[in-house]
Amino acid sequence: MEEIIISGFGGQGTLFAGQVLAYAAMDADFHVTWIPSYGPEMRGGKARCTVIISDQEIGSPLVRRPSAAIVMNIPSFETFEPMVKPGGVLVVNQSLVPHRSQREDIRALYVPATELATDMGNMRVANMVCLGALVQALGILPLEALEQALDRHLAERHRKWLSLNKEALRKGAEFA
Amino acid sequence: MAKELWEGNAAIAEAAIRAGLEAFFGYPITPQTEILEHLSHRLPELGRVFLQAESEIASINMVYGAACAGARVMTSSSSPGISLMQEGFSYIACSEVPAVIINVMRGGPGLGNVAPSQGDYFQAVKMAGHGDFHPIVLAPGNIQEAIDLTVLAFDLADKYRTLAMIAADGSLGQMMEPAEMPPLRPVRPPEERAAWALTGAKGRKPNIITSLYLVEEELEKVNLRLQAKLREIAANEVRWKEYSTEDADLLMVAFGTVGRVCQTVVREARAKGLKAGLLRPITLWPFPSARIAELAGRVRGILVVEMNAGQMLEDVRLAVEGRRPVHFYGRMGGIIPLPDEILPQLEELDAATRS
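Residues numbered from 1 in each chain as written. Chains lettered and ligands numbered in written order. Predicted model: local features only at pLDDT ≥ 70, side-chain atom pairs only at ≥ 80, totals over all residues.

### Points about the overall build of chain B
Where we set the bar: Under the scheme used here, helices are H or I runs from DSSP no shorter than 4 residues and strands are E runs no shorter than 2 residues, and both carry numbers assigned from the N terminus. As a reference, a globule follows 2.2 Å times the number of residues to the power 0.38, and the radius of gyration itself is taken over C-alpha atoms. Buried means a residue has 20 or more other C-beta atoms within 10 Å of its own C-beta, exposed means 12 or fewer, and partly exposed covers the counts in between; C-beta atoms are placed from the backbone. Distance between backbone-placed C-beta atoms decides contact: two residues are in contact if it is within 7 Å.
Counting its secondary structure elements, chain B contains 12 helices and 14 strands. For chain B, whose C-alpha radius of gyration is 21 Å, the value lies close to the compact-globule estimate of 20 Å for 355 residues. Each of the three principal axes of chain B carries a C-alpha extent, and together these read 75 × 50 × 40 Å. Burial statistics for chain B: of 355 residues in total, 52% are counted as buried. For chain B, long-range pairs separated by at least 24 residues make up 79% of all intrachain contacts whose partners lie at least 6 apart in sequence.

Written as structure tokens, this is what we have:
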């Protein structure tokens, strides 16, 4: 079972990254829940989601201590870096988070996701860069499962970004 | 049909359509506005009625009207909006017309906040409006159940000519899970409307639907009929789910989102050697009192967990009749209790009931 928190500012695509992961897990016949921390804000506020992937029926859709986390901004790093379970994985968007984890009981991956995404042509795929790194590090799903999830579920109006999203996933995976 | 990833609110809305929903009247409020969003394009697309009314009070009275005409009809709201609708619920109950109400509960009292809560338990099961009546209250614990219970709500509302309410909470409305939709049922054709419905009285004697009975004996007769119907519902429609209760020493009772959180607590407790079990009521009214009473005879103690100050707790205590200790743990304000705070409560119950 993996309990994953993806956290950042509204607009960084953390909720969507979680959905791509959830779709990929569903298509691979896992039990999965995706739950946002929702508020009245549309954009700019904090935005995070919890994704649980399990081979048995999922009870609580929320966890205090995730087995893995993606932190895309400084407040998210400060909140979740201490909470990742020992043996877990932390993916840090190094472009916006200049900190290093002092913990020796987790695996931290530092990915310049926003810069890489900008170089690729759209900073909004930084979420996919981080997701690629996370999934590769966890080894629960092959990268192709995420690509297929994008193929199947990316909204029509975002189709033009399909190959860029896939490229971002693969770029992120190189950091794991 | 294959499983899809459904968000709770959209799932409830689509399930209502699949169940033959003909008309929706409502007013937006977080955390259930996605229900209106989904219906606002799907219903017109299918040639059915979607109307955003000027208020919750207008919405429920439109529901009342459409229900009198024999249509499959529903509204949805969240806690403060549901409070505004209560006069209408009472009229609908007395008039004995079928209607489905969705309440995606949020933190209260007052305007409160938009976070998940179960603070409306009393309102739903004890006092949905003035006078003597209960809606059938269904509490889903996951998205598949939200779909299945929405369909069931329409069928039960029709069968008993009563109000059926889905009592969900904000987190269930916002979360996503794989689930399967039932096939799309056709809308009931006008000639198949119920014999009691107001359909124009062409070639037949007029039907009268009212909630006004000025003669005391007449109103008492209506009440006796309503009570007989409620007894029939209580005898036939109690639903619940059990987890690891076969050999349990300690029983948890929790519904909806906290119910599923307690599934995790059962697993974690058992891993630590505590024989814990869980009963998750699916119908909050009628309440699974008889089964809880039966299980109470076999366990040392009971822990009720809710996202309120202890509302269902009273119904559990009524069922247990003081024969076993009943402890309570609850969070308010829109906070979902997590397994790591519930487990110590269970350990405390364990310690307190060991002789």
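### Describing the overall build of chain A
Tallying secondary structure elements over chain A gives six helices and six strands in all. Scanning chain A from its N terminus toward the C terminus, one meets helices and strands in the order β-α-β-β-β-α-β-β-α-α-α-α. Here chain A has a C-alpha radius of gyration of 15 Å; the compact-globule value for 176 residues is 16 Å, and the two agree. In terms of overall dimensions, chain A has a C-alpha envelope of 40 × 40 × 35 Å along the principal axes. Split into buried and exposed, the 176 residues of chain A put 51% on the buried side. Taking as baseline every contact in chain A between residues at least 6 positions apart, the subset at least 24 positions apart corresponds to 58%.

### Focus: unusual backbone geometry
All names here are of chain B. Following Thr 30, the chain continues to Pro 31 via a peptide bond in cis, the omega torsion being 10°. One can find Pro 31 in the loop between strand E2 (23-26) and helix H2 (33-45). Positive phi, close to 50°, is recorded for Arg 161, a residue that is not glycine. If you trace the backbone, Arg 161 turns up in the loop between helix H6 (143-160) and strand E7 (163-169).

### Notes on the interface of chain A and chain B
Defined as follows: Residues were grouped as follows: Ala, Val, Leu, Ile, Met, Phe, Trp, Tyr, Cys and Pro as nonpolar; Asp, Glu, Lys and Arg as charged; and all remaining residues, including Gly, as polar.
Counting residues at the interface gives 16 residues for chain A and 20 residues for chain B. Looking at the side of chain A that touches chain B, the elements that each hand over two or more residues are helix H1 (14-27) and strand E2 (31-37) of chain A. A breakdown of the residues in the side of chain A that touches chain B according to their chemical character gives 11 nonpolar, four polar and one charged.

### As for the pairing of strand E5 (residues 89-93) of chain A
Residue and element names in this part refer to chain A. Where we set the bar: By convention, orient the strands away from the viewer: a clockwise path from the first strand over the helix to the second makes the crossover right-handed. At least two bridges found by DSSP between two strands are what make those strands a pair.
Of all five residues in E5, five are buried; the element is thus mostly enclosed. Taking every second residue as pointing to the same face, both faces of E5 are buried, with Val 89, Val 91 and Asn 93 on one and Leu 90 and Val 92 on the other. Following the backbone out of strand E4 (residues 68-71), through helix H2 (residues 74-80) and into the adjacent parallel E5, one traces a crossover that is right-handed. As judged from the five bridges shared by E5 and strand E6 (residues 107-111), these two strands associate in the parallel manner.

### Regarding the domain arrangement of chain B
Residues and elements named next belong to chain B. Our working definition: Domain segmentation is taken from an automatic or database assignment of domains.
The domains assigned to chain B are domain 1 (4-200 + 222-236) and domain 2 (241-353). The centre of domain 1, based on its C-alpha atoms, is set 28 Å off from the matching centre of domain 2. Each partner contributes to the interface: domain 1 provides 28 residues, whereas domain 2 provides 21 residues. For the side of domain 1 that touches domain 2, the secondary-structure elements that each account for two or more residues are helix H5 (121-125), strand E6 (136-138), E7, helix H7 (170-174) and helix H8 (216-236). Looking at the side of domain 1 that touches domain 2 element by element, the count peaks at four residues for H5. Considered class by class, the residues forming the side of domain 1 that touches domain 2 number 17 nonpolar, nine polar and two charged.

### Details of the sheet that holds strand E4 (residues 73-77) of chain B
Residue and element names in this part refer to chain B. Keep this limit in mind: The angle between two axes is taken between their N-to-C directions and runs from 0 to 180 degrees, where each axis is a line fitted to C-alpha atoms and a helix contributes only its stretch in contact.
Spatially, seven strands are ordered E3-E2-E4-E5-E7-E6-E12 in an open sheet, and the strand pairing comes out mixed. Among the strands making up the open sheet, the edge pair consists of strand E3 (49-52) and strand E12 (283-285). Within the sheet, the average angular offset between the axes of one strand and its neighbour, ignoring direction, is 20°. In this structure, strand E5 (residues 99-105) lies alongside E7, joined through seven bridges in parallel fashion. Opposite Asn 103, over in E7, you have Ala 167 as the bridge partner. Strands E2, E3, E4 and E5 of the sheet are contacted by H2, whose axis makes an angle of about 140° with E3.

### Structural notes on the sheet that holds strand E10 (residues 250-253) of chain B
Residues and elements named next belong to chain B. Ordered in space as E9-E11-E10-E13-E14, the five strands form an open sheet in which the pairing is mixed. Edge strands, defined here as strands with exactly one partner in the open sheet, are strand E9 (240-243) and strand E14 (326-330). With direction set aside, neighbouring strand axes in the sheet form an average angle of 20°. Of the pairings in the sheet, the one linking E10 to strand E13 (residues 301-306) comprises four bridges and is parallel in character. Each residue of the ladder has a partner; that of Met 252, found in E13, is Leu 303. Sitting on the sheet, helix H9 (residues 256-271) is in contact with E9, E10, strand E11 (276-281) and E13, with an inclination near 170° to E11.

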